[in-house]
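Remarks on the overall topology
The primary structure of each chain is shown beneath.
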Amino acid sequence: MDAPNAATGPTAGMMRWKRLIPVAMVVYIISFMDRTNISYAFAGIGQEFNVGKADQGFAGGIFFIGYTLFQIPGGWLATHWSAKKSIGIMILLWGSAAIWCGLARSFDELVLARFVLGLAEGGVWPATLVLINNWFPMSERARAYSFWMTNLAIASIITQPVSGFIVEWANWRTMLLIEGALPFIIATPIWWLMIADTPRAAAWCSAAERDFIEKSLAEDRASEPKATSFRQIFAEPVVWQLVVVSFLIQVGFYGLNMWMPTLLKALTEAGFGAVGLIATLPYFTAIVFMWVNGSLTDRNRLYQRHVLIPLAVAAVSLVASVLIGQSSVMLSVFFICLAMGGALAYEGPFWAAASRAVPMLAAGGAAGLINAVGNLGGFLGPRLGGILLDMSGGQFITTAIALAASFLLAGLFMLTVRLHRDDAATASKL
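Residues numbered from 1 in each chain as written. Predicted model: local features only at pLDDT ≥ 70, side-chain atom pairs only at ≥ 80, totals over all residues. Heavy atoms only, no water.

Describing the environment of Gly 378
Mapping Gly 378 onto the fold places it in helix α21 (residues 377–391). Overall, the relative accessible area of 0% leaves Gly 378 in the buried class. For Gly 378 and Asn 257, which are 121 residues apart along the polypeptide, the C-alpha to C-alpha distance reads 9.9 Å. Apart from residues lying up to four places away in sequence, Gly 378 is in contact with Gly 61, Phe 64, Gln 250 and Tyr 254. (Helix = DSSP H or I, 4+ residues; strand = E, 2+ residues; numbered from the N terminus. Buried < 20%, exposed > 50% of the residue type's maximum accessible area, 1.4 Å probe, protein only. Contact = heavy atoms within 4.5 Å.)

Right, dumping it as structure tokens:
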């Protein structure tokens, strides 16, 4: 990966960009696929188990209840034990749960399997953030987060057409089983072969690159806020402000992500195979948005502003896509692309801001808390979308307004976040 990295100088090396980020991306792509592919199973689940859209949304969202429970322990294990080992174990657990989803014999069993899937995946996100923090100094971190978090868009680019075609070719169970096997076939081997917890544990990391990383991280720690315990960190108002922002964003994002295939099918009246291909377009847009926003943020350090702007774009575009859907399908898809681009472009600036808010030794636990409670919005979004769709007879405008309001509130609330570090003072003067 050719990442911009002038801060290292010409001799420091680039292996952390070329090796760690791509592998972490592949692993999380598979993880994200196994959590969101249920959006292509909704119709089949509804028919086989005789449940409405509200219950389908519940099956999609229950993942995040389990996901919440292991966020803080997962971050703590990565910080105090090993990010590599903890994620390696979680890959095997979530793969087993993903296959169980495809074998569920009743709606209640499917809900239980989705809950366990969330529990198994729960520690992967904060553990990966810890891994990135171990390898990338603050001057590179918004870009590193943004590059890694393009996995969300890339996963959807892969998941949408593949899931659509498998469902059209076979059925929803076959789709869940095939994609549930990928953690064993792909993720496990590359993770154990390619990843190292720190530069000193990696034989492939040159002395120059290792020295640059260690020196830069030491300088970062010298200016970070001090803390003596996780209790002190979790008592910080800024952490809970970030929790609120994350929660509101996840309501909007997962509501849009889970119901987008249904929306596109209603707009285009096409089969799931064609819908899956069309559904890749918003995520290609998101990749561009994420890279640009992350790079701009590293230049000006205006973290709050670079969270607000894309979320405002997402809010306006989502409502516009539904309002004009009856008159122009192409224009509606264009606005859906903008909405998804904005809904994901916040990621790099947001997590870079979060890493400035807490000491590095507590970053795993704090990231776990923010992601854990924040991702409860991933339960509410699909459920709320399903309820509003049932109430409106399948019309999307009420759902779009509710999700857009959540995006906009998140962006505005981010403006209230004040970071502790002196070099973030500029970013807080908005």
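Now that the structure has been shown, we can carry on.
Examining the environment of Ala 410
Following the sequence through the fold, Ala 410 ends up in helix α22 (residues 397–414). The buried category is assigned to Ala 410, whose relative accessible area is 0%. Separated by 98 residues in the primary sequence, Ala 410 and Ala 312 place their C-alpha atoms 9.2 Å from one another. When neighbours within four sequence positions are excluded, Ala 410 is seen to be in contact with Val 245, Leu 248, Ile 249 and Leu 311.

Here's the deal with the packing of helix α17 (residues 303–323) against helix α18 (residues 329–345)
It is the contact of α17 with α18, at a shortest axis distance of 7 Å, that shows an interaxial angle of 155°. When the axes of α17 and α18 are compared, the pair comes out roughly antiparallel. Read as a crossing pair, α17 and α18 show a hand that is left-handed. Listed contacts from α18 to Pro 310, Leu 311, Val 313, Ala 314, Ser 317, Leu 318, Ala 320 and Ser 321 of α17 are Ser 332, Phe 335, Ile 336, Leu 338, Ala 339, Gly 342, Ala 343 and Ala 345. Its residues placed into classes, the contact of α17 with α18 shows 12 nonpolar, 4 polar and no charged. (Axes fitted to C-alpha atoms, helices over the stretch in contact; angles between N-to-C directions. Parallel < 35°, antiparallel > 145°, perpendicular 65-115°, else oblique. Left-handed = near helix turned anticlockwise from the far one by under 90°. Nonpolar A, V, L, I, M, F, W, Y, C, P; charged D, E, K, R; others polar.)

Things to note about the nonpolar core
Across soluble globular proteins, you tend to see nonpolar side chains buried next to one another. Formed by 130 residues in total, the largest nonpolar core has its most connected members in Ile 45, Trp 125, Trp 135, Trp 148, Leu 344, Phe 350 and Trp 351. If one sorts the elements of this core by residue count, helix α14 (residues 237–268) sits on top with 17 residues. The contact partners of Leu 344, leaving out residues within four places of it in the chain, are Leu 152, Ala 153, Phe 253, Tyr 283, Ala 286 and Met 290. (Core = buried A, V, L, I, M, F, W, Y, C linked by side-chain atoms within 4.5 Å.)

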